[in-house]
Each structure stands twice: as C-alpha cells, then as structure tokens.
Amino acid sequence: MRGFPRRRQADPAGTGASSRGALPAEYTYSGGPASADASARWPRRVFSQGSDPDPRFSLANERTFLAWIRTSLALFAAGVALEAVNLPIVPGLRRASAIVLILLGAAAPAQAWFGWVRTELALRLGRSLPPPLMAVPVGAGLMLVGVLVLLGLIL
C-alpha cells in the first residue's frame with residue numbers, strides 16, 4: 001500500500017533488521033539539498049536555505065499553522081458572540097472582553113505565519129525548533145477576558 005512512510009520498529013536483538021523487516025527504499029527519506037526549483041517556491045527566503053526536511057515534519061508544521069488559524073477564527077467568533085448575545089454582564093466589561101478577544105483573534109494569524117517561517121527555517125537548517133511567540137500573550141489575554149467576564153457577572 002502506498003502512502004505515508006511507516007515508522008521503523010526498534011531492533012531489540014541488534015541484528016540490523018526491524019521487527020517487521022526492512023522497509024523498501026521508497027519509504028525512507030534521506031533529505032536532500034534544497035531543490036533546484038527553490039526560487040519558484042514562496043517564500044524564497046525560506047526555501048532557498050538549507051535542505052528539504054522530511055516531508056512529515058513540514059506537514060506537521062503546516063498543521064500547526066492551520067491550528068493557529070482555527071484559533072484565530074474561534075477568538076473572533078467568541079468576541080463577536082460575547083457582544084452580540086445579551087448576557088447579564090456589565091456592558092462596559094462585556095465590550096472590553098469582546099475587544100480583547102477580537103484583538104487576540106487578529107494576533108493569532110501573525111503567530112501562524114511567523115511561527116511557520118521560523119519552524120520551517122529551523123527544520124531546513126537543522127536547528128532547534130523555536131518557541132511560539134504569541135502563546136504567552138494569547139494565554140494572558142484569555143485570562144484577562146476570564147477575569148473581566150467574571151467581574152461583569154459579579155457586579
């Protein structure tokens with residue numbers, strides 16, 4: 001069956017063979033130099049450096065990018081819903097919470113893009129993976145929203 005490469009099993013006996021047998025060469029990835037058509041890929045500043053990483057890592061990086069985009073959409077939706085639904089929250093605190101959620105929703109795509117670029121470069125150059133830039137600000141913003149909504153319900 002063709003598809004994603006299978007993971008090699010550990011060799012407990014140290015014989016050089018995996019417990020399922022050796023994988024065909026088509027299932028292994030040697031990671032070659034940056035392809036000759038790197039100038040045709042965008043962004044050039046990412047794809048012109050280093051060598052192509054294992055496709056599984058690039059695809060995982062893309063899934064993380066998409067997760068930040070989903071988070072952005074959820075934050076926008078929460079901000080709009082908080083303001084649109086008539087909840088028993090002090091109006092000023094409700095509006096402040098909605099604005100913070102919408103601002104966080106606007107910041108998440110920046111994390112998606114810059115995080116993807118930084119991680120892809122690290123993969124291509126064989127460096128350690130960088131930490132997310134916006135994880136702490138988004139977490140702090142969500143805690144602020146929680147406090148504002150709680151205060152709005154109590155007051």
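Structural data are supplied above this passage.
Just so we're clear, the structure is a prediction, and the values are computed from it rather than from any experiment.

Draft legend 1. Layout of the side chain of Ser58. Tracing the sequence through the fold places Ser58 in helix α2 (residues 55–84). Taking relative accessible area as the criterion, Ser58 reaches 17% and is therefore assigned buried. The residues contacting Ser58, other than those within four sequence positions of it, are Pro53, Glu120 and Leu123.

Draft legend 2. Quick look at the nonpolar core. Core analysis: the largest hydrophobic core is formed by 12 residues, namely Trp68, Leu75, Leu82, Ile89, Ala98, Val100, Leu101, Leu104, Ala108, Ala112, Val138 and Val145. Mapped onto this core, the elements with two or more residues apiece are α2, α3 (91–125) and α4 (135–154). Per-element tally for this core: the top contributor is α3, with six residues. If sequence neighbours within four positions are ignored, Leu101 has contacts with Leu75, Phe76, Ala78, Gly79, Leu82, Leu142 and Val145. Listed in part, the five residues of the second largest apolar core include Val46, Phe47, Val117 and Leu121.

Draft legend 3. Representation of the pattern of salt bridges within the structure. The tally for this structure, following the rule as stated, stands at five salt bridges. Of the charged contacts in the structure, one is a salt bridge between Arg56 and Asp54, with a shortest N-O distance of 2.5 Å. For Arg56, a relative accessible area of 34% corresponds to the partly exposed category. Taking the shortest distance from any N to any O, the salt bridge between Glu83 and Arg95 comes out at 3.0 Å. Of this pair, Glu83 sits in helix α2 while Arg95 sits in helix α3, placing them 12 residues apart in sequence. Since its relative accessible area comes to 27%, Glu83 is described here as partly exposed.

Draft legend 4. Structural context of α4. Here α4 contains 20 residues, and its C-alpha end-to-end distance of 29 Å stays within 8% of the 28 Å for a straight helix at 1.5 Å per residue. Buried within α4 are the following residues: Val138, Gly141, Val145, Leu148 and Gly152. Taken around the axis of α4, the buried residues stretch over an arc of 85°, which confines them to a single face. Those residues of α4 that are exposed and angled more than 90 degrees off the buried face are Val136, Met143, Leu150 and Ile154. Elements that come into contact with the buried residues of α4 comprise α2 and α3.

Draft legend 5. Looking closely at the packing of α3 against α4. Running from amino to carboxyl end, α3 crosses α4 at an angle of 165°, the nearest separation of the two axes being 9 Å. Overall, the two elements α3 and α4 adopt an arrangement that is roughly antiparallel. In this structure, α3 meets α4 at a crossing whose hand is left-handed. Mapping the contact onto sequence places Leu93, Ala96, Ser97, Val100, Leu101 and Leu104 in α3 and Pro137, Val138, Gly141, Leu142, Leu144, Val145, Leu148, Val149, Leu151 and Gly152 in α4.

Draft legend 6. Fine view of a nonpolar patch on the surface. Residues Val147, Leu150, Leu151, Ile154 and Leu155 make up a contiguous nonpolar surface patch of about 530 Å² in total accessible area. Assignment of secondary structure puts Leu150 in helix α4.

Draft legend 7. Spotlight on the packing of aromatic side chains. One pass over the structure, following the stated rule, counts three aromatic pairs. Pairing Trp113 with Trp116 gives two aromatic rings, centres 5.6 Å apart and planes at 25°, and the pair type is stacked. In this pair, Trp113 and Trp116 are both assigned in helix α3, three residues apart and thus about one turn of the helix distant. We classify Trp113 as partly exposed; its relative accessible area is 28%. Given the relative accessible area of 14%, Trp116 is considered buried.

Conventions adopted
- Residues numbered from 1 in each chain as written.
- Predicted model: local features only at pLDDT ≥ 70, side-chain atom pairs only at ≥ 80, totals over all residues.
- Heavy atoms only, no water.
- Helix = DSSP H or I, 4+ residues; strand = E, 2+ residues; numbered from the N terminus.
- Buried < 20%, exposed > 50% of the residue type's maximum accessible area, 1.4 Å probe, protein only.
- Contact = heavy atoms within 4.5 Å.
- Core = buried A, V, L, I, M, F, W, Y, C linked by side-chain atoms within 4.5 Å.
- Salt bridge = Lys/Arg side-chain N within 4 Å of Asp/Glu carboxyl O.
- Expected span 1.5 Å × (residues − 1).
- Arc of directions from axis to C-beta.
- Axes fitted to C-alpha atoms, helices over the stretch in contact; angles between N-to-C directions.
- Parallel < 35°, antiparallel > 145°, perpendicular 65-115°, else oblique.
- Left-handed = near helix turned anticlockwise from the far one by under 90°.
- Patch = residues over 30% accessible without salt bridge, like charges linked within 9 Å, V, L, I, M, F, W, Y side chains within 5 Å.
- Areas by Shrake-Rupley, 256 points an atom, 1.4 Å probe, with all protein chains shown as cover.
- Phe/Tyr/Trp six-rings, centres within 6.5 Å; stacked < 30°, edge-to-face > 60°.

As far as function goes, none of this settles anything; it's purely spatial.
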